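Observations on the model geometry
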Amino acid sequence: MSDIKESQVLRIAVQKSGRLSEDSFRLFKECGIKFESGTGKLKTLSSNFPAEFLFLRDDDIPGYVEDGVADIGIVGENVYTESNRKVEISHRLGFSKCRLSIAIPRNIEYKGIQDLQGKSFATSYPRILGNFLKEMGIKGEIHEISGSVEIAPSIGLADAVCDIVSSGSTLLSNGLKEVEVIYRSEAVLISHKKLSKAKNKVLEKLLFRIEAVQKAQNHKYILLNAPNEKLNDIISLIPGMKSPTVVPLAQEGWSSVHSVLEENDFWENIEAIRAAGAQGILVVPIEKMIY
Ligand code: PRT
Ligand code: ZN
């Protein structure tokens, strides 16, 4: 990439090591962007795309993107909102889904949100929690702590916690129950507000690739054998991107039909497809998909 000027290289901040790292690295790999990760380096240039990767703590990423030290970055939406930094969400990435919830000791009765009136809360998300309580008209005391939030009630630090929940097993093993979901999150791609024209072009190129990868993940390639007299029925069930490919089989009176369909549509239509006489149905993953 030595012939590319530094001003045209998109600086991408990714979490160095944590829950977002693996999926972020995989996404760039699926987009065909090569770079070395896990070498202990703080930054590295891609060998085949005008991008430089910065490996950071997730909490630092919104600030770096706001300041323009990085041009774009990947963070959990929870971190983006809590940071309150002036950056834009350019794309939702669909991985690292989780929720931010209020939980209380399991043995305490909970009838509704008014039971939280006047309580104290331990959380690493004081802004999101504060906004929620205000919106709900709940007066409470917020203790900001940076880790192990779930032990706060058992050590007498707070009546309730507000923390990230995924499977719910951390709450369960700490004797807590989830009573209010206050925020839902997934990984998002954030970008600096005033990217140069050159960098915007690189970002557009990247987003085009990300969308192709995401579409492919939701779709499957389907191949099946159909008796010729049933072709029209079957084609109407799997219309594909434009229309299916139909090729004759060596056995007379039969054709092979190839098409693309959404995974959900597949499960909804499979019985009808079989009832219409299709046989030898194969469903295979798609790597990239461009309309
Ligand atoms: O070191 P660095 O600061 O970069 O990372 P970090 O430790 O602050 O963050 P990390 O890697 O734990 O999480 C990064 C992002 O992943 C978060 O900001 C969320 O957007 C998302 N995410 C998805 C999660 C979880 N799932 C999750 N389960 N973040 C944290 N958790 C923790 C939660 O805090 C709790 O302790 O997992 C526990 C709950 O999990 P369950 O499955 O027991 O409910
Ligand atoms: Zn963090």
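Below: a short report on this structure. (Residues numbered from 1 in each chain as written. Chains lettered and ligands numbered in written order. Predicted model: local features only at pLDDT ≥ 70, side-chain atom pairs only at ≥ 80, totals over all residues. Heavy atoms only, no water.)

Regarding the layout of surface pockets
Let me state the cut-off plainly: A 1.4 Å probe that fits into a set of points on a 1 Å grid over the protein atoms alone but cannot get out defines a cavity; an open set with protein on both sides within 12 Å along at least five of seven lines defines a pocket, and lining residues are those with an atom within 4 Å of a point. Grid points are joined across faces, edges and corners, and a volume is the space filled by probe spheres set on the points. Going along the chain from the N terminus, every DSSP run of H or I of four or more residues is numbered as a helix, and every run of E of two or more is numbered as a strand. Just so you know the grouping, Ala, Val, Leu, Ile, Met, Phe, Trp, Tyr, Cys and Pro go in nonpolar, Asp, Glu, Lys and Arg go in charged, and all remaining residues, Gly too, go in polar. Domain limits in this description derive from either an automatic procedure or a database domain assignment.
Each pocket or cavity is described by its volume, and for the largest pocket that value is around 1,200 Å³. Mapped onto the lining of the largest pocket, the elements with two or more residues apiece are helix H2 (61–67), helix H3 (77–83), strand E9 (160–165) and helix H5 (169–173). Classifying every residue of the lining of the largest pocket by side-chain character gives 13 nonpolar, 16 polar and 12 charged. Composition of the lining of the largest pocket by domain shows at least three residues from each of domain 1 (6–95 + 187–216) and domain 2 (98–185).

Things to note about the sheet that holds strand E8 (residues 141–144)
One key point about sheets: their strands pair by backbone hydrogen bonds, in either a parallel or an antiparallel sense. Definition in use: Two strands qualify as a pair provided that DSSP identifies no fewer than 2 bridges between them. To define axes, lines are fitted to C-alpha atoms, for helices over the stretch in contact only, and angles between the resulting N-to-C directions are given on a 0 to 180 degree scale.
Read across the open sheet, the 5 strands follow the order E8-E7-E9-E6-E10; overall the sheet is mixed. Each having just a single partner strand, E8 and strand E10 (176–185) make up the two edges of the open sheet. Neighbour-to-neighbour, the strand axes of the sheet open up by a mean angle of 25°, direction not taken into account. With 3 bridges connecting them, strand E7 (residues 120–123) and E9 associate as parallel partners. Its bridge partner being in E9, threonine 123 is matched across the sheet by cysteine 162.

Structural notes on the site of ligand 1
Selection rule: One heavy atom within 4 Å of a molecule or strand makes the whole residue count as near it. Distance and chemistry together define a polar contact, namely a pair of N or O atoms within 3.5 Å, with one atom able to donate a hydrogen and the other to accept it when in protein, and with adjacent residues in sequence counting only for side-chain atoms on both sides. Residue exposure ignores everything except the shown protein chains as possible cover, and the areas themselves are Shrake-Rupley values with a 1.4 Å probe. Assignment to a cavity or pocket requires that more than half of a molecule's atoms be within 2 Å of the site's grid points.
Near ligand 1, the surroundings consist of 21 residues, among which Arg57, Asn78, Ser167, Gly168 and Thr170 are the closest. With respect to ligand 1, the side chain of aspartate 58 contributes an N or O atom lying 2.9 Å from an oxygen atom. In the model, an oxygen atom of ligand 1 is placed 2.5 Å from a nitrogen or oxygen of the threonine 170 side chain. Across the complex, the protein chains shield 78% of the 840 Å² of accessible surface that ligand 1 would expose by itself. A molecule is said to occupy a pocket when more than half its atoms come within 2 Å of that pocket's grid points, and by this definition ligand 1 occupies the largest pocket. Secondary structure elements with two or more residues in the shell around ligand 1: H3, E9 and H5. At 3 residues, E9 tops the list of elements feeding residues into the shell around ligand 1. Across the shell around ligand 1, the residue classes tally to 5 nonpolar, 11 polar and 5 charged.

Re the environment of phenylalanine 121
Defined as follows: When checking whether two residues touch, look at their non-hydrogen atoms; a contact exists if any pair is within 4.5 Å.
Looking at the secondary structure, you find phenylalanine 121 in strand E7. Once the C-alpha coordinates of phenylalanine 121 and proline 248 are considered, the two residues, 127 residues apart in sequence, prove to be 68 Å apart. Filtering out sequence-adjacent residues up to four positions away, phenylalanine 121 remains in contact with Ile102, Leu116, Leu129, Leu133, Gly140, Glu141, Ile142, His143, Ala158 and Ala160.

Description of the side chain of aspartate 71
Along the chain, the position of aspartate 71 falls in the loop between H2 and strand E4 (72–76). There is a polar contact of 2.7 Å between the side chain of aspartate 71 and the backbone nitrogen of arginine 11. In this structure aspartate 71 touches Val9, Leu10, Arg11, Val65, Ile190, Ser191, His192, Leu195 and Lys199, once residues within four positions along its chain are discounted.

So, the packing of aromatic side chains
Under the convention used in this document: Whether two aromatic rings pair depends on their centres lying within 6.5 Å, for rings of Phe, Tyr and Trp, where Trp uses its six-membered ring; planes under 30 degrees apart make the pair stacked, over 60 edge-to-face, and the rest tilted. Only protein chains enter the accessibility calculation, which uses a 1.4 Å probe; a residue is then buried when its area is under 20% of its type maximum, exposed when over 50%, and partly exposed in between.
In this structure the tally under the stated criterion is 7 aromatic pairs. Both rings, one in phenylalanine 25 and one in phenylalanine 35, keep their centres 5.8 Å apart while their planes meet at 80°; by these two values the pair is edge-to-face. Placement of the pair is phenylalanine 25 in helix H1 (residues 21–30) and phenylalanine 35 in the loop between H1 and strand E2 (43–45), with a sequence separation of 10 residues. Between the aromatic rings of phenylalanine 28 and phenylalanine 53, the centroid separation amounts to 4.9 Å while the plane-to-plane angle is 75°, which identifies the pairing as edge-to-face. Placement of the pair is phenylalanine 28 in helix H1 and phenylalanine 53 in strand E3 (residues 51–56), with a sequence separation of 25 residues. Each of the two residues, phenylalanine 28 as well as phenylalanine 53, counts as buried. Taken together, Phe25, Phe28, Phe35, Phe53 and Phe55 form an aromatic cluster joined through their ring pairs.

Describing the state of the cysteines
Convention followed: Disulfides are defined as pairs of cysteine sulfur atoms found within 2.5 Å of each other.
Taken as a whole and assessed by the stated rule, the structure comprises 0 disulfides. Its sulfur unpaired, cysteine 98 is 12 Å from the next cysteine sulfur, which belongs to cysteine 162. By relative accessible area, cysteine 98 is classed as buried at 17%.

Topic: the sheet that holds strand E14 (residues 254–262)
The 4 strands lie next to each other as E13-E14-E12-E15, forming an open sheet whose pairing is antiparallel. The sheet terminates laterally at strand E13 (245–248) and strand E15 (279–285), the two strands that pair on one side only. Averaged over neighbouring strand pairs, the angle between their axes works out to 20° when direction is ignored. Here 9 bridges tie strand E12 (residues 219–227) to E14, and the two strands are oriented antiparallel to one another. Residue pairing across strands places asparagine 225 opposite serine 256, the latter belonging to E14.

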